[in-house]
Amino acid sequence: MPEENQERAPSHSSAAPHSSSGPSSSSGPGSGPRGPGRGPGGPGGRGKFFRRKKVCKFCTEKIDGIPYKDVRLLQQFVAERGKIVPRRLSGVCTAHQRRLSRAIKQARNIALLPFATRH
């Protein structure tokens, strides 16, 4: 019995350095099996593209009222399928997004904009 314990003890000590050099040991926060950071644009770095902060088009051009008759303006904020583009994609501020959605809905009701595309 004592011989078996002596044989096992060296085998455990040789296995310990092997397990610590695996992917579980990290050299810093955010590094993991896929490398540091979370890919392009993640917290690890800027990645391939630099995304500028979106600024509200209506605030920069100082447009107060969004006219429902201006179809060209409204079409910029309607997706190809007819859906209203969300704020996080269009970059419009909250107040103007509400006015914009109201204007798009008015334009749809009087048939200036389609409710959906024909499929």
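All figures in this text were calculated on a predicted structure; none of them were measured in a lab.

(A) Structural detail: the packing of aromatic side chains. One pass over the structure, following the stated rule, counts one aromatic pair. Taking 5.4 Å as the distance between ring centres and 35° as the angle between the ring planes, the aromatic pair formed by F58 and F77 counts as tilted. On the criterion of sequence distance, the pair formed by F58 in helix α2 (residues 57-60) and F77 in the loop between α3 (71-75) and α4 (87-90) is long-range, its members being 19 residues apart. The same class applies to F58 as to F77, namely buried.

(B) Here's a closer look at helix α5 (residues 94-109). For α5, built from 16 residues, the straight-helix expectation of 22 Å at 1.5 Å per residue is met to within 8% by its first-to-last C-alpha distance of 23 Å. By the burial criterion, the buried members of α5 are H96, Q97, L100, S101, A103, I104, A107 and R108. Mapping the buried residues of α5 onto a view down its axis gives an arc of 165°, with all of them on the same face. Facing away from the buried surface of α5 by more than 90 degrees, the exposed residues are R98, R102 and N109. On the buried face of α5, the contacting elements are α2, α3 and α4. Backbone geometry just after α5 places A111 at a positive phi near 65°.

(C) A look at the environment of R118. Inspection of the secondary structure assignment puts R118 in the segment after α5. Along the sequence, R118 and R81 sit 37 residues apart, while their C-alpha atoms lie 8.7 Å from each other.

(D) View of the side chain of H96. Take H96: it is sitting in helix α5. Those residues in contact with H96, other than ones at most four positions away along the chain, are C56, F58, C59, I63, D64 and I66.

Cut-offs used in this document
- Residues numbered from 1 in each chain as written.
- Predicted model: local features only at pLDDT ≥ 70, side-chain atom pairs only at ≥ 80, totals over all residues.
- Heavy atoms only, no water.
- Phe/Tyr/Trp six-rings, centres within 6.5 Å; stacked < 30°, edge-to-face > 60°.
- Helix = DSSP H or I, 4+ residues; strand = E, 2+ residues; numbered from the N terminus.
- Buried < 20%, exposed > 50% of the residue type's maximum accessible area, 1.4 Å probe, protein only.
- Expected span 1.5 Å × (residues − 1).
- Arc of directions from axis to C-beta.
- Contact = heavy atoms within 4.5 Å.

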